[in-house]
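# Survey of secondary and tertiary structure
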Amino acid sequence: MAGHSQFKNIMHRKGAQDARRAKQFAKVIREITVAAREGMPDPAMNPRLRAAMSAAREVNMPKDTVERAIKKASGAGGGDDYVEVRYEGYGPAGVAVIVEGLTDNRNRTASDVRAAFSKHGGSLGETNSVSFMFQRLGVVTYPLDVATEDGMLEAGIEAGADNVETTAEGHEVTCPVESFFAVRDALETRFGEPASAKLDWRPETVVTLDEDKARSVLKLIDVLEENDDVQSVYANFDLPDDVAEALSA
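Residues numbered from 1 in each chain as written. Predicted model: local features only at pLDDT ≥ 70, side-chain atom pairs only at ≥ 80, totals over all residues. Heavy atoms only, no water.

As recorded in an unreviewed UniProt entry, the protein goes by the name Probable transcriptional regulatory protein GHA01_09360, listed as coming from Novacetimonas hansenii.

Now the structure itself:
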């Protein structure tokens, strides 16, 4: 497993769970706010809001917290005025990094992201300076027990997916961005709510890191993810098993 996913597995072992949970809630609430403000407050009529609510369930956000966020966003004030931003650049060892965020102050966020890159051995680039090395995909995942490998493959093909991969961890269905909501909804009708459903950046080539370089890259990603305005960070690195084990120790 490459890049950001492995980083997440490492971070989950580092403790400070309460602080991280609060950060996760804040980021999901921002996405709910934007989704509810841009479309209908009814998730049945708003695919992006349904995806945001799915993300809320993934981090075990209480239902009343979700409902308050939707109510606030769809009220007279409209909630906070967030805009979507994306930054691209290179981290240590030439690792390509994509940063996605929701912010109410573009200048502040751009300054913070630029400073993070500069202080941790990277450099912020122009838009599209590294995204050409990634593929933008819709990704829907299910636990193994909802279907056989053949059953999920058949359902994915019928729904319009590009690929279905089944491993010991579960079923992963990938599709073009423009088909994401249709594929997710078709699978949900057949198998129930997915374990996760999101848009993802998948690297087409990866940089294999040794322990020292991995620590530098993970520090940059850690600092970026700690920023309240940052929603997601993606990077095209790979950690050999021995390096991952050393970092997890």
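Picking up where we left off.
## Some words on the sheet that holds strand 1 (residues 83-90)
Test applied: Any two strands with at least two DSSP-identified bridges between them are counted as paired. Every helix listed is a DSSP run of H or I at least four residues long, and every strand listed is a run of E at least two residues long, numbered separately from the N terminus.
The antiparallel open sheet is built from four strands, whose spatial order is 3-1-2-9. Looking at strand neighbours, the two that pair on one side only are strand 3 (123-124) and strand 9 (230-235), the edges of this open sheet. In this sheet, strand 2 (residues 96-103) lies alongside strand 1 in antiparallel orientation, the contact comprising eight bridges. Paired with Val-83 across the strands is Thr-103, a residue of strand 2.

## Thoughts on the UniProt feature "domain: TACO1/YebC-like second and third" (unreviewed entry) in the protein
How we decide: UniProt positions are given in the numbering used here, feature names are shortened, and annotations may be inferred rather than shown by experiment.
The UniProt record annotates "domain: TACO1/YebC-like second and third" (unreviewed entry) at residues 82-237. Taken as a whole, residues 82-237 contains 34% helix and 35% strand, while its terminal C-alpha atoms sit 30 Å from one another.

## Some details on the domain arrangement of the protein
In many analyses, interface size is given as the accessible surface area lost on bringing the parts together. Where we set the bar: The domain boundaries here were taken from an automatic or database domain assignment. Any two residues whose heavy atoms approach within 4.5 Å are treated as being in contact. Here the quantity called buried area is the accessible surface, traced with a 1.4 Å probe, that two parts lose on coming together, added over both. Any Lys or Arg side-chain nitrogen found within 4 Å of a carboxyl oxygen on Asp or Glu counts as a salt bridge. Just so you know the grouping, Ala, Val, Leu, Ile, Met, Phe, Trp, Tyr, Cys and Pro go in nonpolar, Asp, Glu, Lys and Arg go in charged, and all remaining residues, Gly too, go in polar.
Per the domain assignment, the segments of the protein are domain 1 (15-72), domain 2 (81-130 + 205-246) and domain 3 (132-201). Placing a centre on the C-alpha atoms of domain 2 and another on those of domain 3 gives a separation of 26 Å. Taken together, the contact between domain 2 and domain 3 spans twelve residues of the former and seven residues of the latter. Roughly 800 Å² of surface becomes buried between domain 2 and domain 3 when both sides are summed, with 60% attributable to carbon and sulfur atoms. When the area that domain 2 buries against domain 3 is broken down by residue, the three leading residues are Ile-98, Val-130 and Tyr-234, summing to 50%. Where domain 2 touches domain 3, the interface holds one salt bridge. Glu-100 is paired through a salt bridge with Arg-136; the nearest N and O atoms lie 3.1 Å apart. Elements with a contribution of two residues or more to the side of domain 2 that touches domain 3: strand 1, strand 2 and strand 9. It is strand 2 that provides the largest number of residues to the side of domain 2 that touches domain 3, a total of three residues. When its residues are assigned to classes, the side of domain 2 that touches domain 3 shows six nonpolar, four polar and two charged.

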